[in-house]
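One letter stands for each residue in the lines below.
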Amino acid sequence: MKFGPGTDLKIQNKEQYEPEVYELSDTKTNEKVCLATGFTRHNLMKDWTAFSGTEASQIVEDGKPTGVYNQVAVLEAGQECGNTTEKADEPCAASLEPDEMVNLASLTVFGLRVIFMKTVVFNVLMTLRLWISQ
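Residue numbers here run from 1 along each chain, matching the order of that chain's written sequence. Only residues with pLDDT of at least 70 are given local features in this predicted model, and only at 80 or more are side-chain atom pairs given and counted; all residues enter the totals for whole chains, interfaces and linings. Side-chain figures throughout are based on the complete set of non-hydrogen atoms in the structure, without hydrogens or water.

### With respect to the nonpolar core
Nonpolar side chains tend to gather and get buried jointly when the protein is soluble and globular. How we decide: By convention a nonpolar core is built from buried Ala, Val, Leu, Ile, Met, Phe, Trp, Tyr and Cys residues, the set being connected through side-chain atoms within 4.5 Å. Partly exposed residues are those whose accessible area sits between 20% and 50% of the maximum for their type, while under 20% is buried and over 50% is exposed, using a 1.4 Å probe and protein chains only. For the purposes of this entry, the term helix denotes a DSSP run of H or I that reaches at least four residues, the term strand denotes a run of E that reaches at least two, and both are numbered from the N terminus. Contacts: residue pairs with any heavy atoms within 4.5 Å of one another.
Counting residues in each nonpolar core, the largest one holds twelve residues, listed as Val 21, Cys 34, Ala 36, Phe 39, Met 45, Ala 50, Phe 51, Ala 56, Tyr 69, Ala 73, Leu 75 and Cys 81. Counting only elements with at least two residues in this core, the list comes to β2 (32-39) and β4 (64-75). Contacts of Cys 81, omitting those with residues within four sequence positions, involve Val 21, Tyr 22, Glu 23, Cys 34, Trp 48, Ala 50 and Leu 75.

Below, the structure written as structure tokens:
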């Protein structure tokens, strides 16, 4: 909320959460990015040199603000992220597990498409047969 020039009101959660900081890098271009996520004070990262030129953005779920912030900073050559949550020698491995409900839904949609196509082909053939017999 803004109350004129220079006056800015921010309503924050009572609970305070410290940020989880991750250093992400692109192996092709050697660019590094520092991600701070999960903190509740919008100006918490202002003292970190890596985040000095960036601003925190609030996480929004279903159109409603959650009170939790993320902040991203692109690192210059030789610049470090700071205290990271992730261990340097431990690779970031994300795995996608198969979901039975997704597989069932996919098979159901495929089956309905096959039935629909059979119906269309049958109707076209019967229409052609009717035209030919007249």
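So, next bit.
### Quick notes on the pattern of salt bridges
The test is simple: A side-chain nitrogen of Lys or Arg and a carboxyl oxygen of Asp or Glu constitute a salt bridge if their distance falls within 4 Å.
A full pass over the atoms with the stated rule returns one salt bridge. The partner of Lys 32 in a salt bridge is Glu 23, with the nearest N and O atoms 3.5 Å apart. By relative accessible area, Lys 32 is classed as partly exposed at 34%.

### A word on the sheet that holds strand β1 (residues 20-25)
Note the cut-off: Strands pair, by our definition, only if DSSP identifies at least two bridges between them. Structural elements are reduced to axes, namely lines fitted to C-alpha atoms, with helices fitted over the stretch in contact, and the angle between N-to-C directions of any two is expressed from 0 to 180 degrees.
Across the sheet, four strands lie side by side as β1-β2-β4-β3; this open sheet has antiparallel pairing. Taken across any chain shown, the strands that pair with only one partner, and hence form the sheet edges, are β1 and β3 (57-61). Adjacent strand axes in the sheet meet at a mean angle of 30 degrees, parallel and antiparallel pairs treated alike. Pairing of β3 with β4 involves four bridges; the strand directions are antiparallel. For Val 60, the partnering residue across the bridge sits in β4 and is Pro 65.

### A word on the side chain of Thr 37
Rules: In protein, a polar contact means a hydrogen-donor-capable atom and an acceptor-capable atom, both N or O and within 3.5 Å, with residues adjacent in sequence counting only if both atoms are side-chain atoms; elsewhere, any N or O pair within 3.5 Å suffices.
For Thr 37, the location among the structural elements is in strand β2. A polar contact of 2.4 Å, which involves the side chain of Thr 37, links it to the side chain of Asn 70. With residues up to four places along the chain from it excluded, the contact list for Thr 37 reads Pro 19, Glu 20, Tyr 22, Tyr 69 and Asn 70.

### Here we look at the packing of aromatic side chains
As a reminder, the rule being used: Two rings belonging to Phe, Tyr or Trp (six-membered ring only in the last case) form a pair when the distance between their centres is within 6.5 Å. Interplanar angles under 30 degrees mark stacking, angles over 60 mark edge-to-face geometry, and anything in between is tilted.
Scanning all chains against the criterion turns up one aromatic pair. For the ring pair Phe 39 and Tyr 69, a centre distance of 6.3 Å and an interplane angle of 25 degrees mean the geometry is stacked. In this pair, Phe 39 is assigned in strand β2 and Tyr 69 in strand β4, connecting sequence segments 30 residues apart.

### Focus on the pairing of β2
Here six bridges tie β1 to β2, and the two strands are oriented antiparallel to one another. Along β2, the bridge assignment pairs Tyr 22 with Leu 35. Taking the residues between adjacent antiparallel strands as the criterion, β1 and β2 are bridged by six residues, where Asn 30 takes a positive phi near 60 degrees. Where β2 and β4 come together, seven bridges link them in antiparallel fashion. In the sheet register, Ala 36 faces β4, and the bridge partner there is Gln 71.

### Quick look at the environment of Thr 127
Here Thr 127 lies in helix α1 (residues 100-133). Looking at Thr 127, the relative accessible area reads 36%, which means it is partly exposed. A polar side-chain atom of Thr 127 sits 2.7 Å from the main-chain carbonyl oxygen of Asn 123.

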